[in-house]
2 protein chains.
Amino acid sequence: MIASTTHKTSSVTVPFNHSNSTAKSCNLSLQSLPYKQTSIIAHMDKSLEVSTSTIKQELPLKIGIVGLGAFGQFLAKAFQRQGHNVLGTSRSDYSEYCKDNGIDFFRDLNGLCEAQPDVLLVCSSILSTEDVVRGIPFHKLRPDTIIADVLSVKQFAKNLLLDVVPSDFGILCTHPMFGKFSGKNSWEGLRFVFDKVRISGNSAQQRKCEQFLNIFQDEGCEMVEMSCEEHDQYAAESQFITHTVARILSNMNLESTPIDTKGYETLMQLTKNTVSHGSDLYDGLFLYNVNAIKQASSIQYKY
Amino acid sequence: MIASTTHKTSSVTVPFNHSNSTAKSCNLSLQSLPYKQTSIIAHMDKSLEVSTSTIKQELPLKIGIVGLGAFGQFLAKAFQRQGHNVLGTSRSDYSEYCKDNGIDFFRDLNGLCEAQPDVLLVCSSILSTEDVVRGIPFHKLRPDTIIADVLSVKQFAKNLLLDVVPSDFGILCTHPMFGKFSGKNSWEGLRFVFDKVRISGNSAQQRKCEQFLNIFQDEGCEMVEMSCEEHDQYAAESQFITHTVARILSNMNLESTPIDTKGYETLMQLTKNTVSHGSDLYDGLFLYNVNAIKQASSIQYKY
C-alpha cells in the first residue's frame, strides 16, 4: 500500500538526441512531489508549472464520484490515499459518511458538476447507470472533463457513454476486477481493465487520464488495457460463472459443518463475498452482457 | 510438521491422591523417545517395557496399506515421518515406487497379511472397497489387528466392516478431510474425523488405536470424533456439494482469462484439485451416501 505521504514515481518519455545515435526515446523515472507539497502547488500561479512535454508536475485530481455505495467508498479511500480530492453524490444521503471521511458531499448531480471535477466517475449499479448518465448536466462541467465508469459490463457502458456524452468530453471505461473483499488489504497484483474509449491526444485531458490510471498502477494493480468487447467476452466466462455458482449455493443456504474441507470453506467464503454485492449486480451482469446467456445455457446443459 | 527425529509428547492420565484432597486425576505430559531410539527398543525383550497403565512406551506401528494410489502414498509419507513401518499392497505393481520410498511391497493381500501389521488400513476406492474387504485373509492376521479405513463415505464403511471383520478384530473408521493438495505443505488445522466403531477397552488394541490416531494429532490435525452417521450427514452437504460444483465447472472446460478475478481463480483451482480425484470418488460419494441424493435435487431445484 502506498502511503499518502510517500513519493510517487511517474514514468515520462522525453526525446533523447545524441550525436552517435539516431533520435530515440528513453524512459526517465521521475519522482513527483508528495501530495502535501503538490497541494500547495495547486494554489500557485499555473504559469509556474513546467511544460508537461518535458517533465510532468502532477496536481492532485478532483474526482467526482456518482454513487457512494460500498464500491464508490472503497475506491474513494484509494484516491484519497494518493492525495487526490474526492467529491461525491448519491441517491441516498451520505453527508455524515462524507463529513467523517473527508469527501465533499453534494445533494445532487447539479451541485457536484458545478464543483467541476477533472474526472466524473460513475459508480452506480448497472441497472441504474443509464438514468444516471442521461441525467448528467454536462453544460455545468468543463468540456474536457473525463467521464469514467467502473461497470462490470463494458460494451453497454461504452455504447451508452458514446451516445450521451458530448464530443469534447473524454470517455474512459474501466473495470477493477476486484472489490472490497479481494482488495481489502492490498491491490497488489489485482487486475484493472481499462479502455481509453475517447481521450484527446497530447492534451490536458490525456494527462489527467494517465494520472487517474496511475492511481491504480501505484496501488500495485496489474493494468490490462483491453477493448470493452474483449472484456465482456472474458468476463462472461470468469465473472458470470463465479456469480452464478455463488448464487446457486447461496440459495441452498449451505451452512458450515464441524468437518468442512478446505474446498468447501473456499466455496462458502466465495458465496458470502459474491452475494454481498446484491442481486442488482447479478441481474446487470446477466442482462447487459450479451455473452452471458451462452454461459448460462452451458451450465444448465452440463449439469 | 513434526520431523521424524523430534520428541513426541504423549498425554497420560494417572490417579493422584493427596491427604488434603479427594481422589482426582491430573494430566502428566510425558515425552516419549524419538523414533530412532524406539526402533532399538523394539528389538529388546518385551518384558523390559514399563507397564502401560503408568507410562506409555510406544513402539513403532507396523501399518499395512491396502491400495497404494495417490492417497495411500500421501498417508504413507506421514506414517514414515513419524517413525512407523509401512507395508503395502495394491492392484497395480508399485514395487519400484515402494523400493524407492522405504515401503515393503507385497504382490497380494495374502503376503501383506502374513507380515502381520498392527493396523491394516484400507485405502482403496469406494467402489472397490467391498471386494477388497471381503478378500482379506483374516486368519493370517493376529486376532487383535485393527482394520481401519479412510473412505469418504462412512456409514457404508462401518456397515461393511461390521459385517465382514471377525469379532476380535478392531474396527476404526476414519476420514481425513483433506488430500494431497490441501495437505501438501502441512496438516496443521486440517480436520481428521474418526469413529472407534469397535475397539476393545484397556487392551493392546486400544493402545495401538490411540497410537495410530496420534499420528494425525501430532501432524497438527484437528481431531473430530464423530459417528459415521453424523459424518455422512455433514459430508453430504460439504463434500458432495464441493465435488458437484467442481464437476459441473470441469465439464464446461473453463479456461483462465487475462482478467480473472480472485473468485474465479479460486473456482478454477478448486475444480482442478477436486476433479484430479477422478470420477470413481464422485460416483462413490453419490452412490454410497444416502444423504447425497437430497443435495443433488436441491442443486437442480435452486438453479
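Residues numbered from 1 in each chain as written. Chains lettered and ligands numbered in written order. Predicted model: local features only at pLDDT ≥ 70, side-chain atom pairs only at ≥ 80, totals over all residues. Heavy atoms only, no water.

Per an unreviewed UniProt entry, chain A goes by Arogenate dehydrogenase and derives from Thalictrum thalictroides.

Visitor: Help me out: how do you make sense of the overall build of chain A in this one?
Guide: Each helix and strand in chain A was counted, giving 11 helices and 10 strands. The proportion of buried residues among the 303 residues of chain A is 50%. Within chain A, contacts between residues at least 6 apart in sequence are counted, and of these 66% link residues at least 24 apart. (Helix = DSSP H or I, 4+ residues; strand = E, 2+ residues; numbered from the N terminus. Buried < 20%, exposed > 50% of the residue type's maximum accessible area, 1.4 Å probe, protein only. Contact = heavy atoms within 4.5 Å.)

Visitor: In this structure, what is going on with the pairing of strand 3 (residues 62–66) of chain B? I would like to understand it.
Guide: It is a general feature of regular strands that their side chains alternate between the two faces of the sheet. All names here are of chain B. Most of strand 3 is tucked away, with 4 of its 5 residues classed as buried. Sheet topology note: the strand 3/strand 4 (residues 85–89) ladder contains 5 bridges and is parallel. Along strand 4, the bridge assignment pairs Val66 with Thr89. Assessed by its sense of winding, the connection that carries the chain from strand 3 through helix 2 (residues 70–81) to strand 4 is right-handed. Summarising the sheet, strand 3 and strand 6 (residues 119–122) pair through 4 bridges and their orientation is parallel. Residue Val66 lies in a different strand from strand 6, and its bridge partner there is Val122. (Pairing = 2+ DSSP bridges. Right-handed = clockwise from strand over helix to strand, strands pointing away.)

Visitor: Help me understand the interface of chain B and chain A, please; the structure alone is not making it clear to me.
Guide: Taken together, the contact between chain B and chain A spans 41 residues of the former and 41 residues of the latter. When chain B packs against chain A, close to 3,800 Å² is buried across both sides, 73% of that on carbon and sulfur atoms. Note that Glu265 of chain B is salt-bridged to Arg191 of chain A, the shortest N-O span being 3.0 Å. Where chain B meets chain A, there are 10 residue pairs in polar contact (both at pLDDT 80 or more). Every element with two or more residues in the side of chain B that touches chain A is listed here: strand 9 (191–198), helix 8 (228–251), helix 9 (262–275) and helix 11 (292–302) of chain B. A per-element tally of the side of chain B that touches chain A places helix 8 of chain B first, with 12 residues. Of the residues belonging to the side of chain B that touches chain A, the class tally is 21 nonpolar, 13 polar and 7 charged. (Buried area = accessible area lost by both parts, 1.4 Å probe. Salt bridge = Lys/Arg side-chain N within 4 Å of Asp/Glu carboxyl O. Polar contact = N/O pair within 3.5 Å; in protein donor to acceptor, adjacent residues only side chain to side chain. Nonpolar A, V, L, I, M, F, W, Y, C, P; charged D, E, K, R; others polar.)

Visitor: Please explain the packing of helix 8 (residues 228–251) of chain A against helix 8 of chain B as it appears in this structure.
Guide: A pair of packed helices is captured by two measures, namely the crossing angle of their axes and the spacing between those axes. One can describe the packing of helix 8 of chain A onto helix 8 of chain B by two numbers: an axis separation of 12 Å at closest approach and a directional angle of 150°. As the angle between them shows, helix 8 of chain A and helix 8 of chain B are arranged roughly antiparallel. Regarding helix 8 of chain A and helix 8 of chain B, the two cross each other, and that crossing is right-handed. Across the interface between the two elements, Ile241, Val245 and Leu249 of chain A of helix 8 of chain A pack against Ile241, Val245 and Leu249 of chain B of helix 8 of chain B. Grouping the amino acids of the contact of helix 8 of chain A with helix 8 of chain B by side-chain chemistry returns 6 nonpolar, no polar and no charged. (Axes fitted to C-alpha atoms, helices over the stretch in contact; angles between N-to-C directions. Parallel < 35°, antiparallel > 145°, perpendicular 65-115°, else oblique. Left-handed = near helix turned anticlockwise from the far one by under 90°.)

Visitor: When you look at the side chain of Thr129 of chain A in this model, what are you seeing that I'm missing?
Guide: All names here are of chain A. Structurally, Thr129 is set in helix 5 (residues 126–134). Its relative accessible area of 3% is what places Thr129 among the buried residues. Residue contacts for Thr129: discarding those within four places in its chain leaves Val122, Ser124, Leu151, Phe156 and Leu160.

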